[in-house]
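# Topology and contacts: notes
Chain residues, written in single-letter form:
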Amino acid sequence: MEKPIAPVDMSEHPISIKGLRKSFGDLHVLRDIDLELYKGENLVVLGRSGTGKSVLIKIVSGLLKQDAGTVNVLGQEVDKLTTKELQQLRLKIGFSFQNSALYDSMTVKENLEFPLVRNAPHVTRKEIDHAIEEVLEGVGLSQALNQMPSELSGGQRKRIGIARTLIMRPEIMLYDEPTAGLDPITCIDINNLINEVQERYNTSSIIITHDLTCAKSTGDRIMMLLDGRFEKTGTFEEVFNTEDERIQTFYNYNFTS
Amino acid sequence: METSENKRSVIVGIFVFLGIVLFVAGIFTLAGQQKRFVKSIELNAIFDNVAGLKVGNNVWFSGVKIGTVKKIDFYGTSQVKIKMNVEQEAQKYIHKNATAQISSEGFIGNRIIVIEGGNINLPVVESGDRLHVKKALSTDAMLEDLQANNRNLIEITGNLKVISGKMANGEGAIGALLTDSLMAGNLKNTMAGLNSASQNINRTAVSLSAFSNKLNTKGGLVDELLTDTGVFSQLEGSVGNIRKLSVAAASLSEDLSTAGQKLNDKNNAIGVLLNDQESAASLKKTLTNLETSSQKLDENLEALQHNFLLRGFFRKKAKEEEKMK
Amino acid sequence: MKKSGKYIISKKIDGVFTTLYDVYRFLLRFFKEVLFPPYEFKELVKQCYDIGYKSLPLITLTGFITGLVFTKQSRPSLAEFGAASWLPSLVSIAIIRALAPLVTALIAAGKVGSQIGAELGSMKVTEQIDAMEVSGTNPFKFLVVTRMIATTFMIPILAIYTGVVALAGSFINVTQNEQTSFSSFVESSLQNISFLDLFSSVIKATLFGFTIGAVGCYQGYNSSKGTEGVGKAANSAVVVSMFLIFIEEILVVQVVNAIR
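Everything numeric here is computed off the predicted structure, so don't read it as measured data. (Residues numbered from 1 in each chain as written. Chains lettered and ligands numbered in written order. Predicted model: local features only at pLDDT ≥ 70, side-chain atom pairs only at ≥ 80, totals over all residues.)

## Points about the overall build of chain B
Test applied: Only DSSP runs of H or I with at least four residues qualify as helices, and only runs of E with at least two residues qualify as strands; both kinds are numbered from the N terminus onward. The exposure scheme places C-beta atoms from the backbone and then counts, for each residue, the other C-beta atoms within 10 Å of its own, assigning buried at 20 or more, exposed at 12 or fewer, and partly exposed in between. We call two residues in contact if the C-beta atoms placed from their backbones are at most 7 Å apart.
A tally of helices and strands in chain B yields 9 helices and 7 strands. By residue count, 16% of the 325 residues in chain B fall in the buried class. Contacts in chain B between residues at least 24 apart in sequence constitute 64% of all its contacts with a sequence separation of at least 6.

Structural data, given as C-alpha cells:
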C-alpha cells in the first residue's frame, strides 16, 4: 500500500537536531546526528535494533539528556528547559511507546483521561467524556472503554496508547516501534492509523522502526541510521536504491526472513 | 469511578481514625494506671540503699498503690534521694512521722516503696516533705537466717534417723525395751504413775498455798487452831515432805530425759552399759522399782489427803467443786 | 571515560558506593518533592487504601497468632517460678516494645514491599513511568512520593492494630488458662509499660514504614530492563527492607535504652 502525499511545509522545523552525541559508558550509541523534521511530515528513522533509535526520540522528549549537540523542539532547546517548561513542551508532543505503556492498574477510560485530568484541571467531566469518546472512535475502539489493559490484544493496546497521546492534541508525534510484536495484518492497521492521525490532527511525526513495510507505508521521508549516524536520507526508493552493502543487507534481511 | 474513589477515602479515613483512637485509648489507659493525670503531692526520702528501685516503681500504703517513684538522685556522699508522686487522696493518711521503706512486690517482684502512716495525732504531710526511712529487711538477711535453720533441721533429722534406725534394729537397751511388749507396758505404766503423782503433787501444792492464804485471815476457826504451836510444827513438817517429794519427782523425770539423750551416744558410759542384755535386764528391774516407788508416792499423797488437819479443807474443796458443776 | 584507572577501588566496591550515592540522591529527591506542590492527594488516598487497609486482615491475623502463641509458649518458663500471673505483663512488654512494630514491618515488607517493588519495576520496564513523564505528570511525585508517604503513615497505624489484636490474642490465652478477668489483664499488662515504650514503638514503626516504602520504590524505580528486572526488584525490595528493619530495630533499641 502506498502512502498518500502529505502537505509538508519544509520551511518550518518542529524538530531540529544538530551534532547530537550520546553514549552509555563505552557504548557510543549516537555520534553526530543531524535531523530536521518538516512540519506535517512523517519521518521514518530506520535502523537495526539496539542502534539507538529509541534513544534519539527519548532525547527529543527530554527523557534522556544528550552528551553534546543541540536539540530544538518547537523553538525550545530541550535540555535547557526548567522542569515546568519541559512539562509544558511535552504536552505538545505525543509519545507512543513500544509496549504501549498503558497503566496496568487503570481502565482504558482512566488511562485516556489521565493526561487530560492532570494537565487541564479546569475541564469539566462532560468535556473529558467527550474527548475520550472522540479519540476512542478515532482509533476504532469505542467498545473498550471500561476494559482493563490486560484484557486487550497487542494491537488494541497500541491503539489505546496512541489514543492516549492524541487526547492532548499534540503537534508532534513520536512513535517508538509502532509495529513491533504485532502480526502483519495488525501492522497494516497501525500503519493506516499513523497516516490517519497525520491527516486528521495535522501532526509532524518521527516514526522509529526496523520494519520496512511500516517505513514504506507511513514514511514521507526515511533516514537510515547506521553505526550512530544517518547514512542516507530520502524516500523509500531513494534510500534503498544503493550500493551500500550494509543497507542492502538490512533490506534483504527484512524481506526474506 | 468518582463514587469508588469517595468510598476509598472514607474507608481510609475510618481506618486511620480507628487506629488513632486505639492509640489514644492506650495512652489514656496507661496514664490512668500510672496516675499521670491525678492530682498528686511530692514526697521525698533519703535511703542508704535503694536495692535497684527504678523511676516508675510503685509506692504502696497499706498494700494499696498510691503513687510512683518520680526521680532518683544521689545525695551526699553515698545516699540516694527519692522523689515520689503520691495521690492527693492518700495525703490524709500519711502523717508527719510516717516512714518509707524499700520493699518488693513479691519475693522476686519489682521494688516498691512502702509508706507507713505514722502517728495519727500528728498533722498530715505536705507536698515536698521528707519521710523518715526505715531500714529494709533485706532478702539476703532473710535467706541467711533460712539457711541456718536449714542446717539445724538437717542435723536434727540426721540424729533422729540414727536413733530410729537403732531402735528398729533392737540395738541397745531402749531398742530391747521397745521390742519387748511387756517391758513397754511397764514403762508406760511407770510413766503414767509418774504423771499422776506429779499431778497430785501439783494439786496438793496449790491447795496448800490456798490454805495458807486462809490462815492469814484473822479470827477464823483455823486461825485459832493454828495458834497452837504443836499443830503448826506438824503441819510445817508435812509441807516439807511434800516439797521433797516433788523435788525428787522432778529430778527423776529430768534424769530420765538426760538418759534418753545419752542413750544414742556410744562413747558414753551409759551407752556402753546399755548395749548388753544384762544391763537391759537391770534397767527392767529399775523401771519396776520406779513403778513401785511412784505408786508409793501416790499412796503418800493419798495419806496426806486423809490427814486430820487437812481433811476439812479437802472436803470443803470437793463440795465447792460439786457446786461449780 | 578513561580506560586506565577506570575504577577508584574496584568495580564491585565502586558499585557499592555508586549505589549508596544513588540512594542518597533518591532520598534527597523524595524530601524535595514531598515539600513542594502539587500534592497527589487522590493517589495518596488510593495508596493508603491499598497499603494500609488492604493489609489489615493479614497483618492483624498474624498479630493475633503472635500474641496467642507467644503467651502460650512463655507460660511454662514462668509457671516454673509460680509466676504465671506475670504473663500479661511479660507478653505486653514483648508485644508493645518489640513484636507489634517488628511483626507488622516484616509482614508489610513481604506484602507491601514486594508489591511496590514489582509494580514500579514493571511500570519501569514497560515504560509506563516514561509514559507518565511525557504526559506531563511527575512520576516520582505520583508513584514514589505517594507510596513512601503511605507506608510511612500506614505501618505505624497497622502496628497499633497489630499490638491491640496481639494483646487480645494473649488475653484469650491467659483467660482460658488463668481465668484472668479483662480488667485485671489490662491492669497487669500495662503495669510495666511506659509512655516511652508506646511512643518509641510508634516511631519505630514509622521508621520501618519509611524504610519499606523507600526500599520498595528505589528498587522498583531503578529496576533494570526486562521481566527479570521486575522479579529482582520485588525480591530485593523484601530482602533489603527486612535487613534494614532489623538494623534499625537494634539502633532504635539502643537509643531508647539510653533515654530510658
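## Here we look at the overall build of chain A
Within chain A one finds 9 helices and 10 strands. For chain A, restricting intrachain contacts to residue pairs at least 6 apart in sequence, the fraction spanning at least 24 positions comes to 69%.

## Details of the sheet that holds strand 3 (residues 64-75) of chain B
Either a parallel or an antiparallel arrangement is found when strands of a sheet pair, and the pairing is made through backbone hydrogen bonds. The criterion, for reference: For two strands to count as paired, DSSP must find a minimum of two bridges between them. Every angle, taken between N-to-C directions, lies between 0 and 180 degrees, and every axis is a line fitted to C-alpha atoms, over only the stretch in contact when it is a helix.
Strand order in this closed barrel of 7 strands is 1-4-3-2-6-5-7 (chain B), and the pairing throughout is mixed. Each strand of the sheet is rotated relative to its neighbour by a mean of 40 degrees, with strand direction disregarded.

## Description of the sheet that holds strand 3 (residues 42-46) of chain A
All names here are of chain A. Spatially, the 6 strands line up as an open sheet ordered 6-7-8-3-9-10, and their pairing is mixed. Unpaired on one side and paired on the other, strand 6 (93-96) and strand 10 (229-234) mark the two borders of the sheet. Within this sheet the neighbouring strands show an average axis-to-axis angle of 15 degrees, counted without direction. Relative to strand 8 (residues 204-209), strand 3 runs parallel, the two being bridged by 5 bridges. Within the sheet, the bridge partner assigned to V44 lies in strand 8 and is I207.

## A look at the interface of chain B and chain C
Rules: Gly is put with the polar residues, along with every residue not named as nonpolar or charged; the nonpolar set is Ala, Val, Leu, Ile, Met, Phe, Trp, Tyr, Cys and Pro, and the charged set is Asp, Glu, Lys and Arg.
Each partner contributes residues to the interface: chain B has 16 residues there, and chain C has 19 residues. Class assignment of the residues belonging to the side of chain B that touches chain C gives a composition of 8 nonpolar, 6 polar and 2 charged.

## Some points on the packing of helix 3 (residues 108-119) of chain A against helix 4 (residues 125-138) of chain A
All names here are of chain A. Keep this limit in mind: For classification purposes, an angle smaller than 35 degrees is called roughly parallel, one larger than 145 roughly antiparallel, one from 65 to 115 roughly perpendicular, and anything else oblique. Left-handed describes a crossing in which the near helix is turned anticlockwise from the far one by less than a right angle; the clockwise case is right-handed.
Axis separation between helix 3 and helix 4 bottoms out at 10 Å; the angle between their running directions is 120 degrees. It follows from the interaxial angle that helix 3 and helix 4 lie oblique. In this structure, helix 3 crosses over helix 4, and the sense of that crossing is right-handed. Only I128, A131, I132 and V135 of helix 4 make contact with helix 3, whose side of the interface consists of K109, L112, E113, L116 and V117. Looking at the contact of helix 3 with helix 4, its residues break down into 7 nonpolar, no polar and 2 charged.

## Regarding unusual backbone geometry
One non-glycine residue, S62(B), lies in positive phi territory at about 50 degrees. Relative to the elements of secondary structure, S62(B) occurs in the loop between strand 2 (58-61) and strand 3. In the Ramachandran plot, E127(C) falls in the positive-phi region, its phi being about 65 degrees despite a non-glycine side chain. Examined against the element boundaries, E127(C) turns out to sit in the loop between helix 4 (87-125) and helix 5 (128-134).

## Topic: helix 4 of chain A
Residues and elements named next belong to chain A. What counts here: Multiplying one less than the number of residues by 1.5 Å gives the expected span of a helix. Directions from the helix axis toward the C-beta atoms define the arc.
The end-to-end C-alpha separation of helix 4 is 20 Å, in line with the 20 Å expected for 14 residues at 1.5 Å each. Residues of helix 4 that are buried: I132, V135 and L136. Here the buried residues of helix 4 occupy an arc of 100 degrees about the axis, which is enough to place them on one side. Exposed and oriented more than 90 degrees from the buried face of helix 4 are K126, E127, H130 and E137. Among the structural elements, helix 3 and helix 5 (154-166) are those in contact with the buried residues of helix 4. In the stretch just after helix 4, G140 is the one whose phi turns positive, near 70 degrees.

## Some details on helix 9 (residues 227-259) of chain C
All names here are of chain C. With 33 residues, helix 9 should reach 48 Å at 1.5 Å per residue; the first-to-last C-alpha distance of 47 Å fits that figure. Where helix 9 is concerned, the buried positions are V230, A233, A234, S236, A237, V238, V240, S241 and I245. On its buried face, helix 9 is in contact with helix 4 and helix 8 (195-221).

## What to know about the environment of S205(A)
Residues and elements named next belong to chain A. Note on placement: S205 falls in strand 8. When the C-alpha atoms of S205 and I172 are compared, they prove to be 5.5 Å apart, with 33 residues separating the residues in sequence. Each residue touching S205, except ones within four places of it in the same chain, is listed here: N42, L43, I172, M173, Y175 and Q198.

## Overview of the interface of chain C and chain A
Contacts between chain C and chain A engage 11 residues on the former and 17 residues on the latter. Residues belonging to the side of chain C that touches chain A are distributed by class as follows: 3 nonpolar, 5 polar and 3 charged.

## Concerning the UniProt feature "transmembrane region" (unreviewed entry) in chain B
The condition that has to hold: UniProt positions are given in the numbering used here, feature names are shortened, and annotations may be inferred rather than shown by experiment.
Per the UniProt record, "transmembrane region" (unreviewed entry) is annotated on residues 12-31 of chain B. Taken as a whole, residues 12-31 of chain B contains 100% helix and 0% strand, while its terminal C-alpha atoms sit 28 Å from one another.

## Re the pairing of strand 9 (residues 221-226) of chain A
Residues and elements named next belong to chain A. Judged from the 4 bridges that link them, strand 3 and strand 9 form a sheet pairing that is parallel. The residue of strand 9 that forms the bridge with L46 is M224. Hairpin geometry of strand 9 and strand 10 is characterised by an intervening segment of 2 residues between the two adjacent antiparallel strands and by a positive phi of about 50 degrees at D227.

## Re the environment of Y93(B)
Residues and elements named next belong to chain B. Residue placement: Y93 occurs in the loop between strand 4 (79-87) and strand 5 (99-104). Distance in space between the C-alpha atoms of Y93 and V125 is 8.7 Å, their sequence separation being 32 residues. Those residues in contact with Y93 that sit more than four places away from it in its chain are F61 and G117.

## A look at the packing of helix 2 (residues 41-51) of chain C against helix 6 (residues 139-178) of chain C
Residues and elements named next belong to chain C. Packing of helix 2 against helix 6 leaves a shortest axis separation of 9 Å and a crossing angle of 50 degrees. As judged from the angle between their axes, helix 2 and helix 6 are oblique. As helix 2 packs across helix 6, the resulting crossing turns out to be right-handed. Every residue of helix 6 that contacts helix 2 at E43, L44, Q47, C48 and I51 is listed here: F142, T146, R147, I149, A150, T151 and M154. Classifying every residue of the contact of helix 2 with helix 6 by side-chain character gives 7 nonpolar, 3 polar and 2 charged.

## Observations concerning the pairing of strand 4 (residues 68-73) of chain A
All names here are of chain A. In this sheet, strand 4 lies alongside strand 1 (residues 15-24) in antiparallel orientation, the contact comprising 5 bridges. Each bridged residue has a counterpart across the sheet, and for I15 the counterpart in strand 4 is V73. Looking at chain direction, strand 4 and strand 5 (residues 76-77) are connected through 2 bridges and run antiparallel. Its bridge partner lying in strand 5, N72 is registered against E77. Where strand 4 hands over to strand 5, the hairpin turn is made up of 2 residues, of which L74 adopts a positive phi near 50 degrees.

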